[in-house]
Amino acid sequence: MTRVLLIEDEPAIADTLVYALETECFTVTHALTGSEGLAAAAREKPAFAILDIGLPDMTGLEVCRKLRETSDIPVLFLTARDGEVDRILGLELGGDDYVTKPFSPREIVARVRAILRRGSHAPAPAPAQPPARGGLHHDASTMRIHFDGSPLDLTAHEYKLLLVLMGQPGRVFTRDQLLDHAWQDPGAVTDRTVDAHIKSIRAKLRLTRDGSENLIETRRGLGYSLNPDC
Ligand code: CA
């Protein structure tokens, strides 16, 4: 029997998935939190992992990154919103697929089977020379953003914010959109939090190259965008 690790904190979703997988002859280990799931992964060596992105103690992406330190098992992400960031980050981290909620349990089982059928799992290779984008590039394997060749020393929220902006240079993101993408619980912070983090990212860009704080443009009354020409 193939053992699947399911990390999902919503009991109703977890229950339907466990039932659907067990009906299809999978053995399921269910964990409610990232840390619980990682402990189960180390203990039980599952053949497959299904990771919810929004977990109480860490994101599914962080769980994936930690899993990847010791294992290359296939990973299917469950995401609550159809956000580009989740997709990009998840797949760059070596996730094999993702499903946006709401989904049918049968769809999940079909995806798990399809991924397992693909055979020996080859983790998505990180691009050796990612295209330089405004002097900025993202190294997915180390989860760091480099600027003019040097890694930026960013906090987790700064990293996520900058990554959102890098995803679509020139596009204006409102503060609400940035909050939604970079904070797990956007209700707990205010617009001003975004401003403070942008200010800090600009200061760090300036450390690497003078004048580069203008790389992130303030669009008065709208939000922020990454200058595509820098
Ligand atoms: Ca969740």
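See the structure printed just above.
Residues numbered from 1 in each chain as written. Predicted model: local features only at pLDDT ≥ 70, side-chain atom pairs only at ≥ 80, totals over all residues. Heavy atoms only, no water.

### Examining the pattern of salt bridges
And step 1. What the rule picks out here adds up to eight salt bridges.
And step 2. Between Arg111 and Glu107 there is a salt bridge, and its shortest N-O distance comes to 3.2 Å. Residue Arg111 and its partner Glu107 are both found in helix H5 (residues 105-117); the two are separated by four residues, about one turn of the helix.
And step 3. In this structure, the salt-bridge partner of Lys204 is Glu158, at a minimum N-O distance of 2.6 Å. Residue Lys204 is located in helix H8 (residues 191-208), and its partner Glu158 is located in helix H6 (residues 156-167); the two are separated by 46 residues in the primary sequence. (Salt bridge = Lys/Arg side-chain N within 4 Å of Asp/Glu carboxyl O. Helix = DSSP H or I, 4+ residues; strand = E, 2+ residues; numbered from the N terminus.)

### A word on the packing of H6 against H8
Pairs of packed helices are described in terms of their axes, by the angle between the two and the distance that separates them.
And step 1. Where H6 contacts H8, the axes come no closer than 10 Å and their chain directions differ by 85°. Relative to H8, the element H6 lies roughly perpendicular. Across from His157, Glu158, Leu161, Leu162 and Leu165 in H6, the residues of H8 making contact are His197, Ile198, Ser200, Ile201 and Lys204.
And step 2. Looking at the contact of H6 with H8 residue by residue, the class counts come to five nonpolar, three polar and two charged. (Axes fitted to C-alpha atoms, helices over the stretch in contact; angles between N-to-C directions. Parallel < 35°, antiparallel > 145°, perpendicular 65-115°, else oblique. Contact = heavy atoms within 4.5 Å. Nonpolar A, V, L, I, M, F, W, Y, C, P; charged D, E, K, R; others polar.)

### Regarding helix H1 (residues 11-23)
And step 1. When the terminal C-alpha atoms of H1 are compared, their 18 Å separation across 13 residues agrees well with the 18 Å that a helix rising 1.5 Å per residue should span.
And step 2. Within the span of H1, buried status applies to Ile13, Ala14, Leu17, Val18, Ala20 and Leu21.
And step 3. Where the residues of H1 are buried, they touch strand S1 (2-7), strand S2 (26-31), strand S3 (48-52), strand S4 (75-79) and H5.
And step 4. Positive phi appears at Cys25, one or two residues downstream of H1, with a value of about 70°. (Expected span 1.5 Å × (residues − 1). Buried < 20%, exposed > 50% of the residue type's maximum accessible area, 1.4 Å probe, protein only.)

### Some points on unusual backbone geometry
Generally, phi is negative for residues other than glycine and the peptide bonds are trans, each holding for most cases.
And step 1. Positive phi is not limited to glycine here, since Lys45 has a value of about 45°.
And step 2. Structurally, the position occupied by Lys45 is in the loop between helix H2 (34-44) and S3.
And step 3. According to the relative accessible area criterion, Lys45 is exposed, its value standing at 63%.
And step 4. Its identity as a non-glycine residue notwithstanding, Asp148 has a phi of 50°, on the positive side.
And step 5. Take Asp148: it is sitting in the loop between strand S7 (144-147) and strand S8 (150-151).

### What to know about the environment of His137
And step 1. Structurally, His137 can be placed in strand S6 (residues 136-139).
And step 2. As for His137 and Met166, which are separated by 29 residues in sequence, their C-alpha atoms are 8.3 Å apart.

### Focus on the sheet that holds S2
Each strand in a sheet pairs with another by means of backbone hydrogen bonds, the pair being arranged parallel or else antiparallel.
And step 1. Across the sheet, five strands lie side by side as S2-S1-S3-S4-S5; this open sheet has parallel pairing. Two strands in the sheet have a free side with no partner beyond their single neighbour: S2 and strand S5 (97-100). Taken over all neighbouring pairs, the strand axes of this sheet differ in orientation by 20° on average, direction set aside.
And step 2. Sheet analysis places S1 next to S3, joined by four bridges and oriented parallel. (Pairing = 2+ DSSP bridges.)

### Digging into the pairing of S7
And step 1. Of the strand pairs in this sheet, S6 and S7 are connected by four bridges, and their pairing is antiparallel. Across the sheet, the residue bridging to His137 is His146, located in S7.
And step 2. The loop that links S6 with its antiparallel partner S7 comprises four residues; one of these, Met143, has a positive phi angle of about 50°.
And step 3. Taken together, the two bridges between S7 and S8 define a ladder with antiparallel strand orientation. Residue pairing for S8: His146 is matched across the bridge by Pro151.
And step 4. Where S7 folds back onto S8 in an antiparallel hairpin, the turn is made up of two residues, including Asp148, whose phi is positive at roughly 50°.

### Regarding H5
For an α-helix, the turn length of 3.6 residues means that residues three or four places apart are oriented alike.
And step 1. The end-to-end C-alpha distance of H5 is 18 Å, a good match for the 18 Å that 13 residues give at a rise of 1.5 Å each.
And step 2. Among the residues of H5, those classed as buried are Ile108, Val109, Val112 and Ile115. The buried residues of H5 occupy an angular sector of 130° when the element is viewed end-on, so they sit on one face. What points out from H5, more than 90 degrees from its buried face, is the exposed set Arg106 and Arg117.
And step 3. Summarising the contacts, the buried residues of H5 are in contact with H1, S2, S3, S4 and S5. (Arc of directions from axis to C-beta.)

### Describing the pairing of S2
And step 1. Strand direction decides the pairing type here: S1 and S2, joined by six bridges, are parallel. Counterpart to Val4 in the pairing with S2 is Val28.

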